[in-house]
Amino acid sequence: MNRTQKVITENFNTYKVEQIDKYIENGGFQGLKNALEKGKDFIIDELNISGLRGRGGAAYPTGKKWNGGRQTHADVKYVLCNADEGEPATFKDRELLVKDPYKVLEGLAISGYTFGAKEGFIYIREEYEFLHDKIRKAIKLAEENGYLGKNILGTGFDFSIKVFSGAGAYVCGEGSALIESMEGKAGRPRMKPPRIGVAGYMGKPTQSNNVETLAIVATVLKMGAVNYAKYGTEKSIGTKMISLCGNVKKPGTYEIPFGMSLREIIYDIGGGIVGDKDIKFLQLGGVSGPLMPKKYIDTKYTYEDLEAEGFGIGSGAILVADETKSVIKFLESVSYFFFHESCGKCTPCREGKRQMKKLLDKMSKGTATTKDLKNIEKISRIMTDASFCGLGQTAATAMLTAIKYFSPELCSSIDEIKAL
Ligand code: SF4
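Looking up the protein in an unreviewed UniProt entry gives the name NADH-quinone oxidoreductase subunit F, with the organism given as Psychrilyobacter piezotolerans.

See the structure below:
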């Protein structure tokens, strides 16, 4: 049974960006109206009841984050929508911005009101350049209709939004690197503390949220948290946008309730595997996620069930690899990606990836030794433990899980073992 939902995605394919009136007819901006009418305590209560956890990957409780943020005092504060969706195999934020841009703007305005900011930014990855004009048009129409700009809905709340473009660096998905990029500097992560919530853009408190998180905020404030909490499980409340890709028959973005099994997602929603082949492994949460062997496909897609098995939801990507795929070739592509994206600031990440790439080349050519395999594991652990930011800390996750679950295949590439 296909259990996809239309909660966050309720407005998909119902309007074009020029048709703000249709968004309003669909109940659009009702979340913002409720927020402005009932106040900040109400917003925080609703977010807590909704159980919303940030959808950018960190999964921190949004109500808790926003409650802390609104208590930060400063003359100027900013809010930010992080649309630097650079995690390979992840494309659900793009879908939200393409198919329901007003909902994201509405969520950002609610975050601005709660945080005490008069200005917000949408930082869109360079590769989504086609979205810039569309989002600017949506901002302009929202201003003309009184939902952005001065004295929103006659409440005295002023809030404007500017669009920023990324420059193609994966590391700018990390909040402080993104802020550096917005300030015109090289996109490299900052030393913390202070976190950007305390000293972000231009040294001012800046609260950042993912596109999907903001769309859910607008949805929850419109439909009521109790209604939203009817979806999902007791601990993983609500629905989730997933990017299903790889060797499935029907790749795409889907909204599902938490609690479906991975098998249901792949077969009932994704239509099964191309050519009706068997599954070899999955990678959840993008290229920085672990490799999951097929034996786990009956695991429920919830934070708690996946974490119990050593996996995670991350960015919401579910990449499926069929039985014909080579783990070594896959690791090579992962390694190449991180090698290319390392910002070069710290040694464990910069040099670790260089060494890992060399060793994987040897494995791929069948010239690696058992010492090489031991070294690759050692380098992976050093990168994970000693890298400065999340990029380096997760760059070896696929490798470490491949060693754990696919060591016979890795060893089969080693000369000395083949000769035994
Ligand atoms: S871990 Fe990698 S991306 Fe992060 S600061 Fe170090 S070199 Fe740059």
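Caption draft 1: Examining helix H3 (residues 40-50) more closely. Within the span of H3, buried status applies to Ile 43, Ile 44, Glu 46, Leu 47 and Ser 50. For H3, the arc enclosing every buried residue in end-on projection is 160°, short of the 170-degree limit, so these residues lie on one face. Buried-residue contacts for H3 involve helix H2 (30-38), helix H4 (62-70), helix H6 (101-115), helix H9 (211-223) and helix H10 (225-228).

Caption draft 2: Focus on the pattern of salt bridges. This structure, assessed with the given rule, holds 30 salt bridges. Of the charged contacts, one joins Lys 204 and Asp 75 as a salt bridge, the two residues approaching to 3.1 Å between their closest N and O atoms. In this pair, Lys 204 sits in the loop between helix H8 (175-182) and strand E5 (206-210) while Asp 75 sits in the loop between H4 and strand E1 (78-83), placing the two residues 129 residues apart along the sequence. Residue classification places Lys 204 among the partly exposed positions, given a relative accessible area of 24%. Taking the relative accessible area as the measure of exposure, Asp 75 reaches 67% and is therefore exposed. With its nearest N and O atoms 2.7 Å apart, the salt bridge here joins Glu 183 to Lys 185. According to the relative accessible area criterion, Glu 183 is buried, its value standing at 18%.

Caption draft 3: Structural context of the environment of Gly 275. Checked against the element boundaries, Gly 275 lands in the loop between helix H11 (262-269) and strand E8 (279-284). Exposure remark for Gly 275: the relative accessible area of 62% places this residue in the exposed category.

Caption draft 4: View of the side chain of Asp 84. Among the structural elements, Asp 84 can be located in the loop between E1 and helix H5 (92-99). Among buried Asp, Glu, Lys and Arg side chains, Asp 84 stands out as unpaired, with Arg 125 the closest opposite charge at 5.1 Å. For Asp 84, the residues in contact, after removing those within four places along its chain, are Tyr 123, Arg 125, Ala 169, Tyr 170, Cys 172, Gly 173 and Leu 178.

Caption draft 5: Examining the pairing of strand E7 (residues 252-257) more closely. In terms of residue burial, E7 counts as a mostly covered element, since six of its six residues are buried. Neither face of E7 is left uncovered, since the one carrying Gly 252, Tyr 254 and Ile 256 and the one carrying Thr 253, Glu 255 and Pro 257 both have all their residues buried. By the bridge criterion, six bridges tie strand E6 (residues 239-246) to E7 in an arrangement that is antiparallel. Opposite Thr 239, over in E7, you have Pro 257 as the bridge partner. Linking E6 to E7, which pair antiparallel, is a turn of five residues.

Caption draft 6: Quick look at the sheet that holds E8. Read across the open sheet, the five strands follow the order E7-E6-E10-E8-E9; overall the sheet is mixed. The sheet is open, and its two edges are formed by E7 and strand E9 (291-293), each paired on a single side. When the angles between neighbouring strand axes are averaged without regard to direction, this sheet yields 30°. Packing against the sheet, H5 makes contact with E6 and E7, and its axis sits at approximately 115° to E6. Those strands touched by H11 are E6, E7, E8, E9 and strand E10 (317-322), and its axis lies near 110° from that of E8.

Caption draft 7: Local environment of the side chain of Ser 176. Mapped onto the secondary structure, Ser 176 falls in helix H8. Ser 176 sits in the buried class, given a relative accessible area of 2%. Residues in contact with Ser 176, not counting those within four places in the same chain, are Arg 188, Pro 189, Arg 190, Lys 192 and Ile 196.

Caption draft 8: Just the sheet that holds strand E3 (residues 149-152), in detail. If you trace the five strands from one edge of the open sheet to the other, you get E3-E4-E2-E1-E5, paired in mixed fashion. Two strands close off the open sheet at either side, each with one partner strand: E3 and E5. Sheet twist, expressed as the mean angle between neighbouring strand axes with direction ignored, is 25°.

Caption draft 9: Spotlight on the packing of H3 against H9. Between H3 and H9, the least distance of the axes is 10 Å, while the angle of their chain directions is 105°. In terms of their interaxial angle, H3 and H9 are classed as roughly perpendicular. Counted together, Phe 42, Ile 43, Glu 46, Leu 47 and Ser 50 of H3 and Val 217, Val 220 and Leu 221 of H9 form the full contact between these two elements. The class makeup of the residues in the contact of H3 with H9 is six nonpolar, one polar and one charged.

Reading the values: the criteria
- Residues numbered from 1 in each chain as written.
- Predicted model: local features only at pLDDT ≥ 70, side-chain atom pairs only at ≥ 80, totals over all residues.
- Heavy atoms only, no water.
- Buried < 20%, exposed > 50% of the residue type's maximum accessible area, 1.4 Å probe, protein only.
- Helix = DSSP H or I, 4+ residues; strand = E, 2+ residues; numbered from the N terminus.
- Arc of directions from axis to C-beta.
- Contact = heavy atoms within 4.5 Å.
- Salt bridge = Lys/Arg side-chain N within 4 Å of Asp/Glu carboxyl O.
- Lys, Arg positive; Asp, Glu negative; His and termini not counted.
- Pairing = 2+ DSSP bridges.
- Axes fitted to C-alpha atoms, helices over the stretch in contact; angles between N-to-C directions.
- Parallel < 35°, antiparallel > 145°, perpendicular 65-115°, else oblique.
- Nonpolar A, V, L, I, M, F, W, Y, C, P; charged D, E, K, R; others polar.

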